[in-house]
Amino acid sequence: MGKPRVIYWFRTDLRLHDSPALRAALDLDPTWDVTHLVFEKDTDAYARERDRVVIALAEKAGIQVVSRYGRTLWDSDEVVAKHGGKPTMSITQLQAAGKKVGEIPRPIPAPDYLPDPGDMPIDFEQRKPETEPDINAPLRDDVEDTYSHIAGPQGDFAIATLDELGFSAAPTTPHRGGETNALKQLEGLFSDEKYAATFQKPKTSPAAFQPQSTTLLSPMLHFGALSPRLFYWKAQDLVEKYGKGASTPPESLTGQLLFRDMYFAAYAAIGSPFVQTINNAYCRFIPWHLPSKIGETETGGNAISGEYHVDSPQAEEWFVRWKMGVTGFPFVDAMMRQLRIEGWIHHLGRHMVACFLTRGGCYVHWERGADVFEEWLIDHEPASNAGNWQWMSCTAFYSQYYRCYSPIAFGQKWDKKGEFIRKWVPELKNLDEKFIYEPWKASKAALDEAGVIIEGDGLHEGTEGTYPAPMFDFGQRRSACIAAMKRAYSIGIYGNNDKAKDGTWKRLFEEAGETEMEGFGGSSSGKGQIDQASNQDESGKGGLKHANQGIAVKEGPMDKFAKRLKK
DNA sequence: GTCGTAGTTGAGGTG
DNA sequence: GCACCTCAACTACGA
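Bear in mind the structure is a predicted one, so any value in this text is a computation, not a measurement. (Residues numbered from 1 in each chain as written. Chains lettered and ligands numbered in written order. Predicted model: local features only at pLDDT ≥ 70, side-chain atom pairs only at ≥ 80, totals over all residues. Heavy atoms only, no water.)

Let's talk about helix H9 (residues 253-270)
Argument step 1. For H9, which comprises 18 residues, the first-to-last C-alpha distance of 26 Å matches the rise-based estimate of 26 Å (1.5 Å per residue) to within 8%.
Argument step 2. Counting buried residues along H9, 15 of its 18 residues qualify, which places the element largely inside the surrounding structure.
Argument step 3. At the C-terminal side of H9, Gly-271 shows a positive phi close to 75°. (Helix = DSSP H or I, 4+ residues; strand = E, 2+ residues; numbered from the N terminus. Expected span 1.5 Å × (residues − 1). Buried < 20%, exposed > 50% of the residue type's maximum accessible area, 1.4 Å probe, protein only.)

Structure below.
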């Protein structure tokens, strides 16, 4: 047997199984004489399908595939196997299953050198991969030409730059990636032993900035700049050294990593339905507004399509105002603006805005919120995103829907003076702290003194200093939502129930006196969501891919603010 | 089947 | 400022 020739496949692109380099490795194009293909295991639904294709190609070419997990503490498939093949739906379940898998391996040191791969000609004829469909096309400013050559545009196998990918640089976020930064951040975190050893997530402030109250390491974990096991063992070794007074899971630093593994294992067990309600046996069916349009998958199942039904123009307006940070509730707006500008907000801030959009305010489908987070979060992880949205909307993982975040009281608990609001909602920066969370309660004199005019919906150009009135009475919406959740819980159907899929759920909710369904047209014909799609498309009220395409959004205070930041 | 208890992160009040 | 209680009441799990 000759010298092994190993290709390490670093998967950074959705179409990589069609890339020239991988084709060369798999002997589909001549020829690198590869003997092994090594890559990191990925349990996300899309990745499994992609890897199945690649593994089949490799086997056909007589190439040995080595695939190892690396993005979680334990191999998620092993966790699922030890949990009876079921998804881990609580942290105690994850801990119990993890214990059965065995101790979390310590990270091994980086290699000192990589063996010389030998001769790898790159002058063979290359087949350029398909570029369609290009889901990033709407976000590009320029053409994407990274496939011009097997060795990349510069001929050096370097990772493509944003410019080469056709994107302009992201000027608004202060957060920077890369392993060097990740390790520096990690070192900084553990240099404050008391902070790291006694960390309790629920006691960290969502309103803190400069610096934030949590570690900011989630994007590093997502992009692979930081090993979760390196993080885990740094934290665990410190906790053991620190002794009495150290925090414990689930609130501690290691607890945060365990939650991450819990969501990964749940996704690994449930598969593609995990990121949606339909077909998801573990996700409650709740008749939220703005439900996803459902399409047929190649395998005959139902999958969300990325588009949604506008069952209620009112809910659509609430959703757009939530997304754009102009709800009229300053703490919600501050959070959503920070998210949009910086791509990161504190975990508890995510809770608050998620509760507000779903079960604690707008009664809009959690999948809409998950779409926005997917678009804007720099640490977006499909498993964690879907899992946390299900948690916060009380459709899975969590069920205490009567515990509802107040957009006023919750922020005040952390930031009495409203410094966080003053930073992100500068229209209100001079408002007295008595009114900073509820500007609509301020007297005319107080508003005048602060230069604030309460006016408009925030989506359209207004006079300088305008800030919208709250888009609804929070107390009323809170009560209506809790009552609706109570009805949905008593009906108790899940995403895999036939009634959820064929639309006959509607009769059940009508009989229970559901009042959050006004937007569904008042028909009692039992038409399903899929049928409604065509009906609504004909009436011109079809779903929208992006919320801000629905209502003409002129330059508002948010955009002016973003521009100011760029200067 | 029944009961007790646990579950990362609510709000508002009291001591 | 913080620890604790009550409000009203969810699911899941194990004894």
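Description of the pairing of strand S3 (residues 64-68)
Argument step 1. Direction of pairing for strand S2 (residues 36-40) relative to S3: parallel, over a ladder of five bridges. Each bridged residue has a counterpart across the sheet, and for Leu-37 the counterpart in S3 is Val-65.
Argument step 2. Where the polypeptide runs from S2 across helix H2 (residues 45-60) and back to S3, its parallel neighbour, the crossover connection is right-handed. (Pairing = 2+ DSSP bridges. Right-handed = clockwise from strand over helix to strand, strands pointing away.)

A look at the nonpolar core
Argument step 1. Counting residues in each nonpolar core, the largest one holds 115 residues, and the members touching the most others are Phe-190, Phe-231, Trp-322, Phe-331, Val-353, Phe-356 and Phe-397.
Argument step 2. The leading source of residues in this core is H9, at 11 residues.
Argument step 3. If we skip the residues at most four places from it in the chain, Trp-322 touches Thr-327, Val-332, Met-336, Val-353, Phe-356, Leu-357, Gly-369, Val-372, Phe-373 and Trp-389.
Argument step 4. Within the second largest apolar cluster, 16 residues are counted, among which are Val-34, Leu-37, Phe-39 and Val-54. (Core = buried A, V, L, I, M, F, W, Y, C linked by side-chain atoms within 4.5 Å. Contact = heavy atoms within 4.5 Å.)

Some remarks on the UniProt feature "site: Electron transfer via tryptophanyl radical" (unreviewed entry) in chain A
Argument step 1. This chain's UniProt record puts "site: Electron transfer via tryptophanyl radical" (unreviewed entry) on Trp-288, Trp-366 and Trp-389. A stretch of 102 residues holds the annotated residues, and the largest C-alpha distance among them is 13.2 Å, short enough that they meet in one place. In this structure, the second largest pocket is lined, among the annotated residues mentioned, by Trp-389.
Argument step 2. Relative to the elements of secondary structure, Trp-288 occurs in the loop between H9 and strand S4 (292-296).
Argument step 3. Residue Trp-389 is classed as buried on the basis of its relative accessible area, which comes to 2%.
Argument step 4. Apart from residues lying up to four places away in sequence, Trp-389 is in contact with Trp-322, Ala-354, Leu-357, Thr-358, Trp-366, Gly-369, Ala-370 and Phe-373. (UniProt positions renumbered as here; feature names shortened; annotations may be inferred. 1 Å grid on protein atoms, 1.4 Å probe; cavity = no way out; pocket = protein on both sides within 12 Å on 5 of 7 lines; lining within 4 Å.)

Some words on the layout of surface pockets
Argument step 1. By volume, the second largest pocket is sized at about 1,300 Å³.
Argument step 2. If you trace the second largest pocket, you find 49 residues lining it, with Lys-201, Gln-256, Phe-259, His-347 and Asn-388 closest to the centre.
Argument step 3. Going through the elements one at a time, helix H7 (218-223), H9, helix H12 (347-357), helix H14 (382-392) and helix H15 (409-414) are the ones with two or more residues in the lining of the second largest pocket.
Argument step 4. Taken together, the residues of the lining of the second largest pocket sort by class into 27 nonpolar, 13 polar and nine charged. (Points joined across faces, edges and corners; volume = space filled by probe spheres on them. Nonpolar A, V, L, I, M, F, W, Y, C, P; charged D, E, K, R; others polar.)

Topic: the protein's contact with DNA strand B
Argument step 1. Taken together, 20 residues are adjacent to DNA strand B, and Ile-91, Pro-202, His-351, Gln-400 and Ser-406 come closest.
Argument step 2. Of everything in DNA strand B that lies within 4 Å of the protein, sugar and phosphate atoms constitute 41%.
Argument step 3. Residue Gln-256 places a side-chain N or O atom 3.3 Å away from a base oxygen belonging to DNA strand B.
Argument step 4. Residue Gln-400 places a side-chain N or O atom 2.9 Å away from a base nitrogen belonging to DNA strand B.
Argument step 5. Elements with a contribution of two residues or more to the surface near DNA strand B: H9, H12 and H15.
Argument step 6. Among the elements that take part in the surface near DNA strand B, H12 stands out by supplying three residues, more than any other.
Argument step 7. Considered class by class, the residues forming the surface near DNA strand B number 11 nonpolar, six polar and three charged. (Near = heavy atom within 4 Å. Polar contact = N/O pair within 3.5 Å; in protein donor to acceptor, adjacent residues only side chain to side chain.)

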